[in-house]
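Structural characterization, general
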Amino acid sequence: MLGWKYLSLLGLVIILNIFTVEVKADDEITTLPQCESLIRGSDSGSGEETCSLENDTLCLDGSVLKYSDCDEPVQGLSDNEYIIINCIEDECAKIMDNEEIEEDGLLIYQFGNNKVTQKKSFTYLDTNKKKLITCKSNGACLLETNEGYHVNDVSKSTVTDSPLINIDNGDATPVANVQPGNTYAGADYKVIECKTVSSMVKCTAREGRSGEIFVNSAGTGLEDALIECSEEPPVDDGSDSGSGSDEELPEMDVYCYPKEATPKEYYLNSGLNRTTKPLIECNDSKCEEKVGESGANYLNAARDNLTDAIIFCSNNKCEKQTPAGVNKYYVGKDGDDVDGLIECLAGEGSEEDQCHLKSAFTSEGYYLNSGYNKSVNQTIICDSTEGCNALKVDLGYYVNAGNTEKPIIKCEKEGNECVEEASSACPEISKAVPGNYCYESGQLKFFTVNNSTAITATRSDNIYAYAIIPSYGFPGIKTETGSLFKISRFFITRYYKSGIIMLDKNGKLVDSLDGDTSDITLFDCNETTKKCNEREGCTSNTYMYDSENSKVVFCNDGKLEYAKFTGYVVDANRFGSGTKHPYIIQCKGGENCISIKPKVSTYYENNGYDSNINGLIQCNSNNCMTVAAKVGYYVAHGENENAGIIKCTSITSCSYIQVKNKVKYVNAGYDKKNNAIIDCYRGKCSVAKAKSGYYLTHTSTLLIQCTSPTSCTEFTPTVNYYDNADSSESSNTIINCVQNSNVVTCSSEATNNGFYLSSISNVLIRCKNGQKCKTIVVKNGIFRGAFKGLTSNKRSENIKNIHERTDDDLEEDGKMVNLRDNNDDAYGIIRCVAGKCAALSASELAAIPMCEFNNNKCYITLEYAMTKTATTSIAAGNICTNNDRSVFYFATDTVVVKPNVISGVTSTYVYTTTNTNCLEVNDSYNDMFFTVGSNIYTLDQGSVFQYYETGYYFINVAKNTLVGGNEIDAYNDENVKLYRCNGNSCSIIDKPDSNTYYADVNKRILKYNVNNDVFTFAYEKDILCIFSNNKCTPNADMKDQEFCITYKGEIALTTTDIKNRETGECYRANSISNYIYGYSQHLYHMNQFAAEMVDQTGFYIISLSTNTTVVSKNYKNKNNSIVIYGCTLSSCKVYEPREDTYYYDAQAKNILRYRNGVWNSPSTSGFAYIALDPLNTYIYKFEKEGDEITIQGKANFGYYYTIDNEMYKCDEEDGECKLIDKTGYYFTNSGEVYSCVYDSEGLEATECVRKNCVSGQYYYIDEAYYRCEVSSLLVPVVSRYCSYDENVVMNFPLALTEELPDKIKQGIDDIQKNNNSTAVVKRRGKNYLESISGIFTNCTYNVEETKSTFDLVCLNNYVAVDEKTDEVKICNVDQLGYVECVEDEENPEKCTISEAFHSWKPSLFLTLVVLFFGVVMNVFF
């Protein structure tokens, strides 16, 4: 209640306002009086006085509180105690606990350190008496008695746990649980708003604005659920919730006070949360701040007639709206009930126009929509169950339930509002035309044909009718069109909903296919064309969408059936472009089916008739079809925002899974080659391109491995680390798989700096702070492990058990983090040798020295050197480390134990001439190359690589730098060496023997000139080109430039000058180890990065399919083309092969001849007509061993029978070898005799037949003696064949002997004359040389002349008389002499060998007789 002092003060204010004279109100007591100013009457002779707080007044002596009467400091006070003092004029006394607190004249002090401090701008709550005292800035304090809420500044108050204090029924208490955004009605009729300031809730009071409405945070029910601010003061209704009667109210412009609410009321929120929750909604028990449904209308409970009658909310914002007039209708929110209808109607009689909410009901027609979306959803229709809904309607006529004067709503233009109109009178039947309508007696009537009665629908059944409408005869029809119409009790529209519709003979909708279906008319309807076409029958095994009944019709061998299934089928009745089916149908038990057109590529479970074969429906590029499933995962149900996956465990067993967590799957879908991964995140799955590496998947016992963005597989991991493809620079993690019992489980964990072993022996995972981990392929190198304690036998000990994988382990991004428990002090070291990487064992680790390092000088520490297994010296290219193995030192020279180094003896440095021997390995050297012999090393943080990357490297070994740039002198520096690396090893390249072009790793073409012994840039500017299928496309004209360089740095040789951006033939090798031949202005032997000019005379036989020297498979395959390059030094040209000539390739060690369109190589050794080089073609002897041919020598002059059955004569006079051109016998230089038939007309090839000789017998040919060896080979008689005492058979080949020796001729004549016979021996078998044979002896070999001589014994069939016995003897070659001779019965004049002859050895006598005949005949030769 307001006291009299307040009324006096109010009076003074009024006087001040009237007279504008500054007059002070009643004096306020603002402080205790000073003790020295008080004059007390006392008896100086009296005894000591005893003062107390209960009985005495108080004063201040400076800052000391004293009794006014005793002039003594007050006793009995506690530190920090508040002292409440009441003053009446200048007498001030402490209010004791048992005393009431006065309303004014109050002061508050706080005691401490024997002094007191006055509290100003302060709030004090007496918790015992439950009284609230507030102090002004001048120190004057007042007992607050106004009921309600008071703001409390906790920084200047005894109440520190609440920003509000409430006075209720005279008791003041702190308000608990004050939240940011709360609003309260202040005791002074201001509005109190609370918000967070510096992490604390702070409340402030402000004057309200008229019309503001707040949710009352102190409300206990609907009776005080709101706070209303109004210019009208509150009415005292007798309750105790207000601050008093009207006459006690302060004079204010706006009063804010609690307001009673009613259920289903809505207000625009004026509270602090109005930006996020702009609406206030009241239910049966309270009012709440709400977001407001976007696009919704609310009836404003604070409306004034039509003004601000609607609250419209959109996109988290709400605003008041005033209807444009009466007969306006809106869909209105109706609390938790279904939506109702907001009607804004004219007032009856003297009543003003008003809007009110009508709860859900069933309307007799449609209402014109006045809402924000009235051009889209033109009408409102209401249903008592489903509520009122704004409805987009088709063009046509509708019964208007909102205006009886204009009972028809006409919609004649899409995307526009509909209009009300009065209905025309029904036409006479004779004048009716299709499309006419009328509204009569509460019924819509429609005419479909001329001169016919109108069609009307009943309340229960709609009628469908087909009509041909003339131009502009119906809304939306501009030209004569046939269309299907739907006639309802409340509307007439064209019907064209996509799908099928089935009608009976009366035009009524068919919704049952039981029984006879023969009279059903089937229409195909299309929303795009807005037409329905009658169809005959259906296509077997297809599904059709019955759009009116929301069912699926299946065509079973021409019979219509309703399909009963839950799931998806392909809508084969609806077509897109061509024969594509872009729609599927989803049903639940065959009911409530919907037609879906997936906008993205996705899969569905197939529930159609062929599901036992094709388990899935695949939708892609506006076409859906059933497909056979493969075991795996598919992105599913992509038409909604919650796309999940389909898991197929067999070709027919597939199920849909909604995925909530962040997880990845291997994509089994059609697009897996482009998007190998399914990525599920925040409840939505989609295909994604994969990153090379590994992914965690749906179970911790499996991983996904992606070897490329298009190839991923699921596999069971082993105990190892795996590169996490999901890792990033901001969240760098690695996958760690460990074994628990018999199960390997995987999770991701944070990474450390260093290297991790992977599941692949030659692959390490490198991790650095701030960078994503990378995999590196290693052959040789040494690397610092990522964590301490890593040794080859401690891998499993260093990993925390992570077998239990629960949802609690999942963070927001789906990672799992495990901690590592390491107790060892040293980092592990990983060594890779020949592509096999492993952590060093404890003993291996001990073998790596520990070094001290200073200014690029290292020495092995004495402490380490004294260990049992210490390494006391390392050579260049090795490492030592610091004590905890975290830092590597790379030895550039020998490193020894400290005493040997500290002495300064430079002899310890054996590899270089410098006085440093090591480097600290870090990333400052990562662009340098360090060489030790043919080995190249690169250094980076925690790693020493032995470098093998393929290419040619010009390295300055003094500066350890890779040569590059445009200064050619840098390449010719004496310290520069050229290295060739093939991916497995490197070697130093000696200077080539001929001009050579190199494409170095800097993608620059250099030429080595053998004459000048220098490197030069091949061209002023290299030309880049694209190589593909043995063709090059350069980026500039290839004018007088043979070489271009590809974007990969490869060297390519063009065959001709190719113009810019045009394509021409060119050569490029596949690798640095693969050599080919390329021909342009010169012939080059080239690999992927170098081309050496051929400068060696000879032939180069090249397969055009491989551009390499030919091998057997090249020339045995008729489809392979072969070219011959003939070179004289570096001058080479293409040779057309001659069919009679073999060409020798010294590089291939092979000879080839091209005849009759086929290339052949000899199958055996022998002689051939061979071109060794462009200057030398002759008969050569060669040896074939396997596929390799060796030229053994050039033929001499004479005859040679080649491997191709051809006889050549090599002539001494012209120095050439030519084919024979005469028929005859030929004795070759190889000791063979051939009989050759030459066709002088050239119709047949020369045919030669080899003649046989008798093995072991001798032959006289061309005045020389030969012995017949195995294979009828005649070899000159030399000393080993010459035996003086031996009788031998000597043959004189008739065909090879033009003139016999005289004595032989004489002997032949004697045989003919005396024995009627011949000396020719008849041989069994074919092809033996026909010869005159005899017996010879006394072989003598003249070494100096290399000739042999024989003595004649006798000629075959020569007859002589034994002088001793007078027996007739005959010479026989088989018996090597004379044997008994008897008369031939058939030829009486002939003596023949006796059948009873015995082995005969000539006696001395007979020898003398023979010699006698020999003397007579003269010695032969």
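Presented here is a report on the structure given in the accompanying data block.

Here the focus is the nonpolar core. Within the largest apolar cluster, 32 residues are counted, with the highest numbers of intra-cluster contacts made by Met1290, Phe1292, Ile1304, Ile1332, Phe1336, Phe1350 and Leu1355. Those elements that place two or more of their residues in this core are β110 (1258–1261), β113 (1288–1293), α7 (1302–1315), β114 (1331–1342) and β115 (1347–1355). The element contributing the most residues to this core is β115, with five residues. Those residues within four positions of Met1290 in sequence are excluded, and the remaining contacts are Tyr1258, Tyr1259, Tyr1260, Tyr1265, Ile1332, Ser1333, Gly1334, Phe1336 and Phe1350. One finds Tyr366, Cys418, Ala465 and Ala467 within the second-largest nonpolar core, a separate group that totals 27 residues.

Moving on: the state of the cysteines. The final tally for this structure, using the stated rule, is 34 disulfides. Covalently, Cys538 is tied to Cys555 through a disulfide, its sulfur atoms 1.9 Å apart. Between Cys538 and Cys555, the S-S dihedral sits near 70°, and the bridge is therefore right-handed. With Cys538 in the loop between β41 (531–535) and β42 (543–546) and Cys555 in strand β43 (residues 551–556), the pair connects residues that are 17 residues apart, well separated along the chain. As far as burial versus exposure is concerned, Cys538 and Cys555 are alike and both buried.

Our focus in this paragraph is the pattern of salt bridges. Scanning the model with the defined rule gives 42 salt bridges in all. A salt bridge links Lys333 to Glu293, with the nearest nitrogen and oxygen atoms 2.9 Å apart. In this pair, Lys333 is assigned in strand β25 (residues 328–334) and Glu293 in the loop between β21 (287–290) and β22 (296–299), connecting sequence segments 40 residues apart. For Lys333, a relative accessible area of 14% puts it in the buried group. Glu293 sits in the partly exposed class, given a relative accessible area of 43%. One salt-bridge network, in which partners are shared between bridges, spans Glu193, Arg206, Arg209 and Glu212.

What follows covers unusual backbone geometry. The residue Asn855 is not glycine, and still its phi comes out positive at about 50°. The backbone of Thr1346 sits at a positive phi, close to 50°, despite the residue not being glycine. Of the residues examined, Thr1346 reaches a relative accessible area of 54% and is grouped as exposed.

What follows concerns the sheet that holds strand β55 (residues 677–681). Across the sheet, three strands lie side by side as β54-β55-β56; this open sheet has antiparallel pairing. Single-partner strands in this sheet number two, and they are β54 (663–666) and β56 (684–688). Going across the sheet, the axis of each strand differs from the next one's by a mean of 25°, ignoring polarity. Judged from the four bridges that link them, β54 and β55 form a sheet pairing that is antiparallel. Residue pairing across strands places Tyr665 opposite Ile678, the latter belonging to β55.

Attention shifts here to a negative patch on the surface. Judged by side-chain charge, Asp188, Glu207, Glu231, Glu232, Glu251 and Asp253 come together as a negatively charged surface patch. Examined against the element boundaries, Glu207 turns out to sit in the loop between β15 (200–206) and β16 (213–215).

Turning our eyes to something else, we now look at the side chain of Lys551. Structurally, Lys551 can be placed in strand β43. One buried charged residue, Lys551, remains without a salt bridge, the closest side chain of opposite sign being Glu591 at 4.1 Å. Among all residues touching Lys551, those that are not within four sequence positions of it are Asp511, Met544, Tyr545, Asp546, Tyr562, Gly590, Glu591 and Cys593.

Note on placement: Val921 falls in the loop between β75 (918–920) and β76 (930–932). Between the alpha carbons of Val921 and Thr881 there is a distance of 9.6 Å; along the sequence they are 40 residues apart. Here Val921 is in contact with Phe888, Tyr889, Phe890, Leu939, Asp940, Gln941, Gly942, Ser943 and Val944, once residues within four sequence places are set aside.

A few words on the sheet that holds strand β80 (residues 961–962). Here we have four strands laid out as an open sheet, ordered β80-β79-β81-β82, and antiparallel in their pairing. Two strands in the sheet have a free side with no partner beyond their single neighbour: β80 and β82 (986–988). Bridge count between strand β79 (residues 951–956) and strand β81 (residues 976–981): six bridges; the pairing is antiparallel. Residue Gly951 lies in a different strand from β81, and its bridge partner there is Cys981.

Applying the stated criterion across every chain yields a total of 66 aromatic pairs. When the centroid spacing of 4.7 Å and the interplanar angle of 35° are considered together, the rings of Tyr543 and Phe554 count as tilted. Residue Tyr543 is found in strand β42, and its partner Phe554 is found in strand β43; the two are separated by 11 residues along the sequence. Seen from their ring centres, Phe1292 and Phe1336 are 6.0 Å apart, and the 50° between their planes marks the pair as tilted. Here the residue Phe1292 occupies a position in strand β113, and Phe1336 occupies one in strand β114, the gap between them amounting to 44 residues. Assigned by exposure class, Phe1292 and Phe1336 land together as buried. Cluster of aromatic residues (ring-pair linked, three or more members): Tyr952, Phe954, Tyr971, Tyr998, Tyr1008, Phe1015 and Phe1017. One Lys or Arg, Lys551, reaches over the ring of Tyr562 and ends 4.6 Å from the middle of that ring. The ring of Phe1017 carries Arg1004 above its face, with NZ or CZ at 3.9 Å from the centroid.

Each value, and the rule that gives it
- Residues numbered from 1 in each chain as written.
- Predicted model: local features only at pLDDT ≥ 70, side-chain atom pairs only at ≥ 80, totals over all residues.
- Heavy atoms only, no water.
- Core = buried A, V, L, I, M, F, W, Y, C linked by side-chain atoms within 4.5 Å.
- Buried < 20%, exposed > 50% of the residue type's maximum accessible area, 1.4 Å probe, protein only.
- Helix = DSSP H or I, 4+ residues; strand = E, 2+ residues; numbered from the N terminus.
- Contact = heavy atoms within 4.5 Å.
- Disulfide = S-S within 2.5 Å.
- Salt bridge = Lys/Arg side-chain N within 4 Å of Asp/Glu carboxyl O.
- Pairing = 2+ DSSP bridges.
- Axes fitted to C-alpha atoms, helices over the stretch in contact; angles between N-to-C directions.
- Patch = residues over 30% accessible without salt bridge, like charges linked within 9 Å, V, L, I, M, F, W, Y side chains within 5 Å.
- Areas by Shrake-Rupley, 256 points an atom, 1.4 Å probe, with all protein chains shown as cover.
- Lys, Arg positive; Asp, Glu negative; His and termini not counted.
- Charge placed at Lys NZ, Arg CZ, Asp CG, Glu CD.
- Phe/Tyr/Trp six-rings, centres within 6.5 Å; stacked < 30°, edge-to-face > 60°.
- Lys NZ or Arg CZ within 6 Å of the ring centre and 35° of its normal.

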